[in-house]
Amino acid sequence: MSPTKIPGELAVSFRYTPGVGNTAFFEALRDRGVFLGSRCEDCGVTYLPARIFCERCLAELEPSLECGPEGELVSWTLVRVDVDDRPLDRPVTYGLVRLDGADTVLLHRLLDADDEPAIGERVRAVFAPLREGSMLDVEGFAPVAERTGS
Ligand SMILES: [Zn+2]
């Protein structure tokens, strides 16, 4: 048997600094329940979450453009095991969503997802009842079309 894993533990504590653009994004999400992006008019690209400079031409950008809350499912995956390869109690579907007005995608849970979500399907953000300024202020994205329940 060849070794495929070398078990070990590494305690890591860290402090992530979101920066000016991401701070504006999370504050808008928390305080107003909106997704804040930045548009570079020179490149014609809208970044979400907001950036303070364009990654293509380095122009200074303002975190000022609201995107979504609806968008398009670009890709998805079904996760059945955790990072330690242990089966999850329930599989989780994650999706890449391009919100209306944005050119970049967000990764989040797909709620009420079909077994085979359709690429291009319209989805809408479902916000948490209490928002604290993190991506968990969004519970995930759910299909826009109303289910008839039959
Ligand atoms: Zn640019």
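Let me begin by describing the structure that accompanies this report. (Residues numbered from 1 in each chain as written. Predicted model: local features only at pLDDT ≥ 70, side-chain atom pairs only at ≥ 80, totals over all residues. Heavy atoms only, no water.)

Here we look at the overall build of the chain
- Helix and strand counts for the chain stand at 1 helix and 8 strands.
- Sequence-ordered secondary structure for the chain, helices as α and strands as β, is α-β-β-β-β-β-β-β-β.
- The buried share of the chain, reckoned over its 150 residues, is 29%.
- Here the contacts in the chain between residues at least 6 apart in sequence split such that 52% fall between residues at least 24 apart.
- Of the accessible surface of the chain, which amounts to about 10,300 Å², a share of 52% is contributed by carbon and sulfur atoms.
- Averaging the coordinates of the 16 positive side-chain charges in the chain and doing the same for the 26 negative ones gives two points 1 Å apart. (Helix = DSSP H or I, 4+ residues; strand = E, 2+ residues; numbered from the N terminus. Buried < 20%, exposed > 50% of the residue type's maximum accessible area, 1.4 Å probe, protein only. Contact = heavy atoms within 4.5 Å. Areas by Shrake-Rupley, 256 points an atom, 1.4 Å probe, with all protein chains shown as cover. Lys, Arg positive; Asp, Glu negative; His and termini not counted. Charge placed at Lys NZ, Arg CZ, Asp CG, Glu CD.)

So, a nonpolar patch on the surface
- A contiguous nonpolar patch, built from L10, V12, F14 and Y16 and spanning about 570 Å² of accessible area, is present on the exposed surface.
- Take F14: it is sitting in the segment before α1 (19–32). (Patch = residues over 30% accessible without salt bridge, like charges linked within 9 Å, V, L, I, M, F, W, Y side chains within 5 Å. Salt bridge = Lys/Arg side-chain N within 4 Å of Asp/Glu carboxyl O.)

Remarks on the coordination of the zinc ion
- Protein coordination of the zinc ion is provided by C40 (SG), C43 (SG), C54 (SG) and C57 (SG), with donor distances spanning 2.3 to 2.4 Å.
- The coordination sphere of the zinc ion comprises 4 donor atoms, whose angles at the metal cover 105 to 114 degrees; the geometry is tetrahedral.
- For the zinc ion, the single-chain donor residues occur in sequence as C-x2-C-x10-C-x2-C. With C43 in the loop between β1 (35–40) and β2 (45–47) and C54 in the loop between β2 and β3 (65–67), this residue pair connects regions lying 11 residues apart in the sequence. (Donors = N, O, S within 2.8 Å, 3.2 Å for Na, K, Ca; no water. Tetrahedral: all angles 85-135°; square planar, octahedral: opposite > 155°, others 65-115°.)

Some thoughts on the packing of aromatic side chains
- The tally for this structure, following the rule as stated, stands at 4 aromatic pairs.
- Ring centres of F25 and F26 lie 5.2 Å apart, and the angle between their planes is 75 degrees; this geometry places the pair in the edge-to-face category.
- For F25, a relative accessible area of 0% gives the class buried.
- Members of the aromatic cluster, joined through ring pairs, are F25, F26, F35, F127 and F141.
- We note R131 situated over the ring of F127; from NZ or CZ to the ring centre the distance is 5.9 Å. (Phe/Tyr/Trp six-rings, centres within 6.5 Å; stacked < 30°, edge-to-face > 60°. Lys NZ or Arg CZ within 6 Å of the ring centre and 35° of its normal.)

Details of the nonpolar core
- Counting 15 residues, the largest nonpolar core has F35, L48, V97, L99, L106 and F141 as the members making the most contacts within it.
- Sequence-distant contacts of F141, that is, excluding residues within four places in its chain, are made with F35, P69, V97, L99, L106, H108, R109, L110, L111, V123, R124 and A125.
- Judged by nonpolar contacts, the second largest core, of 5 residues, contains C40, V45, Y47 and L61. (Core = buried A, V, L, I, M, F, W, Y, C linked by side-chain atoms within 4.5 Å.)

Comments concerning the sheet that holds strand β5 (residues 87–99)
- Taken together, 5 strands build an open sheet; the order of strands is β6-β5-β4-β7-β8 and the sheet is antiparallel. Because the sheet does not close on itself, it has two edges, and the strands there are β6 (106–109) and β8 (138–143). Neighbour to neighbour, the strand axes of the sheet diverge by 40 degrees on average, direction disregarded.
- Direction of pairing for β5 relative to β6: antiparallel, over a ladder of 4 bridges. By the bridge assignment for β6, Y94 is matched with R109. (Pairing = 2+ DSSP bridges. Axes fitted to C-alpha atoms, helices over the stretch in contact; angles between N-to-C directions.)

Structural notes on the side chain of S38
- Tracing the sequence through the fold places S38 in strand β1.
- Polar side-chain contacts of S38 include one of 2.7 Å to the backbone oxygen of R51.
- Beyond its immediate sequence surroundings of up to four residues, S38 is in contact with V45, T46, Y47, A50, R51, L61, E62 and P63. (Polar contact = N/O pair within 3.5 Å; in protein donor to acceptor, adjacent residues only side chain to side chain.)

On their own, these measurements won't tell you what the molecule is for.
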